[in-house]
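Now for the letters of each chain:
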Amino acid sequence: MNMQQMVAQAQKMQRELRKAQAELAQKEFVVTKGGAVTVTVLGSREIKSIKIEADAFDADNKEMIEDMIALAINEAMEKIEAESEEINERITGQSGGLGF
């Protein structure tokens, strides 16, 4: 493979990676904890919504609800990271992408 073909192949992978990452940025990741808290995070890592069931609102539950929110957000971020890694590996054949 000559240098021009290698550059063309790298550019193609870069375009595919950008497209897949743009699609990931729009995807919603929904995590529910304890049946009381539901967090929706976009693949761009923007929190879209946090829903708390009405019957969970109790002063005694405050700390538990806060913990569930944190756990749900962290789990959503882990899912996003895993999917991002899968995209990189699928397109580039290696973990971590092309470094663009």
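The following refers to the structure shown. (Residues numbered from 1 in each chain as written. Predicted model: local features only at pLDDT ≥ 70, side-chain atom pairs only at ≥ 80, totals over all residues. Heavy atoms only, no water.)

### Quick notes on the pattern of salt bridges
If you walk through the whole model with that rule in mind, you get nine salt bridges. In this structure, Glu75 and Lys33 form a salt bridge, with 2.5 Å as the shortest nitrogen-oxygen distance. With a gap of 42 residues between them, Glu75 in helix α2 (residues 62-92) and Lys33 in strand β1 (residues 28-33) connect regions that are remote in the sequence. Among the residues examined, Lys33 registers a relative accessible area of 22% and is labelled partly exposed. In this structure, Glu86 and Arg90 form a salt bridge, with 3.4 Å as the shortest nitrogen-oxygen distance. With a gap of four residues between them, Glu86 and Arg90 both fall in helix α2, about one helical turn apart. Of the residues examined, Glu86 reaches a relative accessible area of 38% and is grouped as partly exposed. (Salt bridge = Lys/Arg side-chain N within 4 Å of Asp/Glu carboxyl O. Helix = DSSP H or I, 4+ residues; strand = E, 2+ residues; numbered from the N terminus. Buried < 20%, exposed > 50% of the residue type's maximum accessible area, 1.4 Å probe, protein only.)

### Quick look at the pairing of strand β3 (residues 47-52)
Pairing geometry for strand β2 (residues 37-42) and β3, over five bridges, is antiparallel. Counterpart to Thr38 in the pairing with β3 is Lys51. Joining the antiparallel neighbours β2 and β3 is a turn of four residues, in which Arg45 adopts a positive phi near 75 degrees. (Pairing = 2+ DSSP bridges.)

### Looking at the pairing of β1
Bridging between β1 and β2 involves six bridges; their strand directions are antiparallel. Note that in β2 the partner of Val31 across the bridge is Val39. A loop of three residues connects β1 with β2, the two strands running antiparallel in sequence, and Gly34 in this loop sits at a positive phi of about 60 degrees.

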